[in-house]
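Structure at a glance
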Amino acid sequence: TATLSLVAVLLNTVAAETFFDPSKDFKKCGLDKPSMLCDAESVLTKAERARIDNELRVFEPRTSLRKRGEKKGNCSLSGITPGIYLVQNGDEERIEALTDFAKQNWTVDTACKNEMIIVLSANDTQYHVYRSPDAPHQTALEPYDVAHYVNREVDNLTKGKTAAALSNILHKAMARAAAKYPVYKKSTFPNPMMGEHVKCGLKSASPLCDPDSIFDEEEKGIIVKNLAMFEELTKNSPASPTKNVSSFCRERGYSMGLAVMRRVEGGSKTKLTDLAHHLLNTWKLDEKCGKHFIIAIAIDDGYYVVVAPSESLLRMDKFTKYFEDSGAFFLRAEVRLALRDIFSSAAEDAHSGALFSLFNRRRRAVAR
């Protein structure tokens, strides 16, 4: 215990000597006045720092719910106060240390705790996005949104256009924070297979629905291809013994439907499961053979469910493992990469036969 305490003291000393709070050590952070930006390693020019500093200052009033002229004070109406710690180089360990320092020492929003801190290594494109667990959640902006915007700026960051990348990230985050997103239920979630594909963010019918634009156009295109590939790779997989066992049903693959949203009405896995069963019945991916299932994810609520017909041979415990194995991707907001691994694992187990049970007769659903 004494050794651990000594290590902690040494680490804190190093952190205090190395890292800075721009509200106090603003000159060491490259600014002429207290700020929410620290660029102690001069990643940005002086003019770029001034521009990003200004964009940070206008973020809170532009994302607040206060009426014009109304003074601060009501935290339920407060906007998000962002801070950025920028360094030239930093591996994952250094970024974590910087984040811990900022969480413990920065005074970004002491009154309402409605803060967002971005720690970014410009050259290594390592980053962390932090929001206080005590922050009021009246806005639509979540850490995974900001992380997603950082991921989209990799080209600018690798080209040394850090100021442009930061500006784009802040503008997109501000727009997201000010946006209004619906809470979905059975009657309001679009059906991409029945003429509502545009509402799902698609150009044509496909078993994917992303009405909140969690994925960009390129990502949606990749996911659509993955869904089609999964059906191709699962050809000749076992069909339900209670369904048509014709050669057609034996030969066809499994149709996977994917519904991704920010929130479901009620915010519970039970409500998401109910919605997913409704989608299974209304998307009509494979009524003849029963070789279909739905994955539904409510990202802001933190739940996923997988549902299949009651007579399906799919092993739901396998999907639980797929999602658990991909947890790190979800935490880093790389949802498409998580889904890629889930698709790949499911296809591999389907090929080996491990995805199916010949003794299943119960209603099939898994939720988390």
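In the nomenclature of an unreviewed UniProt entry, the protein corresponds to TPM domain-containing protein from the organism Pristionchus fissidentatus.

**Some details on the overall build of the protein**
Counting its regular elements, the protein contains twelve helices and nine strands. The buried share of the protein, taken over its 368 residues, is 49%. Sequence-distant contacts, at least 24 apart, represent 63% of the contacts inside the protein between residues at least 6 apart. About 18000 Å² of surface is accessible on the protein, with carbon and sulfur atoms providing 51% of the total.

**Points about the packing of helix α4 (residues 143-152) against helix α6 (residues 162-178)**
As a packed pair, α4 and α6 sit with axes 9 Å apart at the nearest point and diverge in direction by 150°. Comparing the axis directions of α4 and α6 gives the class roughly antiparallel. Here α4 and α6 pass one another in a crossing that is right-handed. Contacts between α4 and α6 involve D145, V146, Y149, V150 and R152 from the first element and I169, K172, A173 and R176 from the second. Partitioning the contact of α4 with α6 into residue classes produces five nonpolar, no polar and four charged.

**Considering helix α3 (residues 92-105)**
If you check α3, its first and last C-alpha atoms are 20 Å apart, about what 14 residues at 1.5 Å a residue would give, namely 20 Å. Within α3 the residues assigned to the buried category are I95, L98, T99, F101 and A102. Down the axis of α3, the smallest arc covering the buried residues is 160°, so these residues share one side. With respect to the buried face of α3, the exposed residues turned more than 90 degrees away are E92, E93 and Q104.

Rules behind the numbers
- Residues numbered from 1 in each chain as written.
- Predicted model: local features only at pLDDT ≥ 70, side-chain atom pairs only at ≥ 80, totals over all residues.
- Heavy atoms only, no water.
- Helix = DSSP H or I, 4+ residues; strand = E, 2+ residues; numbered from the N terminus.
- Buried < 20%, exposed > 50% of the residue type's maximum accessible area, 1.4 Å probe, protein only.
- Contact = heavy atoms within 4.5 Å.
- Areas by Shrake-Rupley, 256 points an atom, 1.4 Å probe, with all protein chains shown as cover.
- Axes fitted to C-alpha atoms, helices over the stretch in contact; angles between N-to-C directions.
- Parallel < 35°, antiparallel > 145°, perpendicular 65-115°, else oblique.
- Left-handed = near helix turned anticlockwise from the far one by under 90°.
- Nonpolar A, V, L, I, M, F, W, Y, C, P; charged D, E, K, R; others polar.
- Expected span 1.5 Å × (residues − 1).
- Arc of directions from axis to C-beta.

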